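Here are the chains, one letter per residue:
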Amino acid sequence: MIPYRRTQLADEMVQALQGRLLLGDAHNGLFLAAPRRTGKSTFLQADLAPALRQAGVEVVYVDLWADTRRDPGTLIAEAIARALQAHLGLVARTAKKAGVKAVKLAGALDIDTSRIGQIDGLTLVDALRSLQQAADSPVALIIDEAQHALTSEAGEAAMTALKSARDQMNQPGQVSLMLVMSGSDRDKLLRLVVSAGAPFYGSQIQALPPLDTDFIAHIAHLVEAQRPDLLPVDRAALQQAFAAFGHRPQFFMAAMGAVLSPLAGHTGRFEPALLQAAQDQQAQDQAQMASEYLGLKPTEQVVLWRMLDQGPRYRPYDAEALRFYRDHLGRPVSVAQAQKALDALRQRTPALVWKSAHGEYAVEDAAMHRWFQARVAAGQWPPESPQGLLALDGD
Ligand SMILES: Nc1ncnc2c1ncn2[C@@H]1O[C@H](COP(=O)(O)OP(=O)(O)O)[C@@H](O)[C@H]1O
Ligand SMILES: [Mg+2]
């Protein structure tokens, strides 16, 4: 499907990034959080990047989840290198035609873009400055799933370098480097901004608003245009189903396609079938998490339980954590055993646990927190296996 465009939201952000708003601090970095699959990457690439280009800004986009086997620090350096390379090609052609004197960017012809961010290469700060000069325009660096940078030392160093580039390149009233960072998990993104040692200490994290009523109205319109027999489509029901799908357009659209299909086999209105599909999806998501949890070894279960219970306050090996493990497992857990369990949780595919370069742990998918809290509130924690059997401890 062609993405639904969110131009107004994008335009507002461009203004904020340019420092044109009276309030707000986006010119120091815009941090956007929203759950997985709610449309962050689509918005950044299909709405925000074009709006920035429209405003005469050079845009560099990098998704740190695009290839999780590669070091995030390298991915960031490469994205900047690619953009710079494109401009240096131009600079070189100008130099050939009009002579080296015409080259505005000093040293441009000697830059080796393949070594950016490496010890013997251009630093990220210099690379960004060169890009800004070669493009002769402000630069916006959009880092998607930016929290992933914190999982490696090179990624962390890149973040610190970006902050320093921002401080050097921006003056009051003159923004030359715009930074946009998105993340699927607010708590992890927070690590970039909360503690005094964090790269972007003092910045605020904003929620990227989910697609909402205008998106639903757009979809309802499309349906009505194609199927006049369904007029008027019940927008409130669509909205309710979309919310039940966790504001994830992909699942919502797939379900719409299924219930509107001539093969759907239901008679009358499609809206009730859509709501049912949304509930089924929710039940399926929850069953999936429960079965994953139940498939873990008992030590892994209590470690994950503690993490879910503590959120950002989680400390894996402090006395209270060890007491918690022992109380819920019925036998003591050593630091080494807890560590082994944490490693196993990280090494699963998909990984259940995230670890920063500083040894901080968090659940990989924030949806698990919502699932945990809902179960606790309903008095249904911990999950029990359908057979009522305890898993056998293999460690
Ligand atoms: N504006 C939109 N209009 C229609 N579909 C969208 C839109 N944004 C996202 N989607 C759908 O949702 C899926 C997930 O979006 P994505 O941007 O990858 O989410 P995120 O980056 O938050 O995980 C996309 O593959 C696309 O099918
Ligand atoms: Mg994404």
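This one's a predicted model, so the numbers in the text were calculated from it and none came from an experiment.

1. Topic: the overall build of the chain
- Across its full length, the chain carries 14 helices and 7 strands.
- Relative to its full complement of 395 residues, the chain shows a buried share of 46%.
- In the chain, of all internal contacts separated by at least 6 residues, the share reaching a separation of at least 24 is 68%.
- A total of about 20300 Å² of accessible surface is found on the chain, and carbon and sulfur atoms cover 53% of it.

2. Structural notes on the site of ligand 1
- Around ligand 1 lies a shell of 14 residues, among which Tyr4, Arg37, Lys40, Ser41 and Thr42 are the nearest.
- Within the backbone of Arg37, one N or O atom sits 2.7 Å away from an oxygen atom of ligand 1.
- Within the side chain of Lys40, one N or O atom sits 2.7 Å away from an oxygen atom of ligand 1.
- Its free accessible area being 560 Å², ligand 1 has 78% of it covered by the protein chains.
- Residue assignment for the shell around ligand 1 shows that the elements contributing at least two residues are helix H2 (40–54) and helix H9 (249–260).
- If you tally residues by element for the shell around ligand 1, the top one is H2, at 3 residues.

3. Some thoughts on the nonpolar core
- Counting 44 residues, the largest nonpolar core has Ile143, Met159 and Leu162 as its most contacted members.
- No other element matches helix H3 (residues 72–98), which puts 9 residues into this core.
- Aside from chain neighbours lying at most four places away, what touches Ile143 is Val62, Leu64, Ile76, Met159, Leu162, Val180, Met181 and Ser182.
- Formed by 27 residues, the second largest nonpolar core is a distinct cluster that contains Ala321, Ala341, Leu352 and Phe372.

4. What to know about the side chain of Ser152
- Inspection of the secondary structure assignment puts Ser152 in the loop between strand E3 (139–144) and helix H5 (153–169).
- In contact with Ser152, other than residues within four places in its own chain, are Asp71, Pro72, Gly73 and Ala357.

5. Overview of the domain arrangement of the chain
- Segmenting the chain into domains produces domain 1 (7–207), domain 2 (213–272) and domain 3 (295–377).
- A straight line from the C-alpha centre of domain 1 to that of domain 2 covers 38 Å.

6. Quick word on the packing of aromatic side chains
- Tallying each qualifying case throughout the model produces 12 aromatic pairs.
- Relative to Phe252, the ring of Phe242 has its centre 5.1 Å away and its plane inclined at 65°; by these criteria the two rings are edge-to-face. One end of the pair, Phe242, is in helix H8 (residues 235–244); the other, Phe252, is in helix H9, and 10 residues separate them in sequence.
- Take Phe252: its relative accessible area is 0%, and that puts it in the buried class.
- Between Trp305 and Phe324, the aromatic rings sit 5.6 Å apart at their centres with planes inclined by 90°, giving edge-to-face as the arrangement. With a gap of 19 residues between them, Trp305 in helix H11 (residues 298–310) and Phe324 in helix H12 (residues 319–329) connect regions that are remote in the sequence.
- Residue Trp305 is classed as buried on the basis of its relative accessible area of 14%.

7. Digging into the pattern of salt bridges
- Within the structure shown, the criterion is met by 17 salt bridges.
- Where Asp167 meets Lys163, a salt bridge forms, and the shortest distance between an N and an O atom there is 3.0 Å. In this pair, Asp167 and Lys163 are both assigned in helix H5, 4 residues apart and thus about one turn of the helix distant.
- The partly exposed category is assigned to Asp167, whose relative accessible area is 40%.
- A salt bridge links Asp285 to Arg248; the shortest N-O distance between them is 2.8 Å. You can see Asp285 sitting in helix H10 (residues 271–294) and its partner Arg248 sitting in the loop between H8 and H9, a full 37 residues away along the chain.

8. Re unusual backbone geometry
- The omega angle of the peptide bond from Thr349 to Pro350 is -10°, so this bond is cis rather than trans.
- Within the secondary structure, Pro350 sits in the loop between helix H13 (335–347) and strand E6 (353–355).
- Look at the link from Trp381 to Pro382: it is a cis peptide, with omega at -5°.
- Notably, Arg37 is not glycine yet its phi reads approximately 65°, a positive angle.
- Along the polypeptide, Arg37 turns up in the loop between strand E1 (30–33) and H2.
- For Arg37, a relative accessible area of 52% puts it in the exposed group.
- A positive phi angle, close to 55°, is found at Glu145, a residue other than glycine.

Reading guide: rules and limits
- Residues numbered from 1 in each chain as written.
- Chains lettered and ligands numbered in written order.
- Predicted model: local features only at pLDDT ≥ 70, side-chain atom pairs only at ≥ 80, totals over all residues.
- Heavy atoms only, no water.
- Helix = DSSP H or I, 4+ residues; strand = E, 2+ residues; numbered from the N terminus.
- Buried < 20%, exposed > 50% of the residue type's maximum accessible area, 1.4 Å probe, protein only.
- Contact = heavy atoms within 4.5 Å.
- Areas by Shrake-Rupley, 256 points an atom, 1.4 Å probe, with all protein chains shown as cover.
- Near = heavy atom within 4 Å.
- Polar contact = N/O pair within 3.5 Å; in protein donor to acceptor, adjacent residues only side chain to side chain.
- Core = buried A, V, L, I, M, F, W, Y, C linked by side-chain atoms within 4.5 Å.
- Domains from an automatic or database assignment.
- Phe/Tyr/Trp six-rings, centres within 6.5 Å; stacked < 30°, edge-to-face > 60°.
- Salt bridge = Lys/Arg side-chain N within 4 Å of Asp/Glu carboxyl O.

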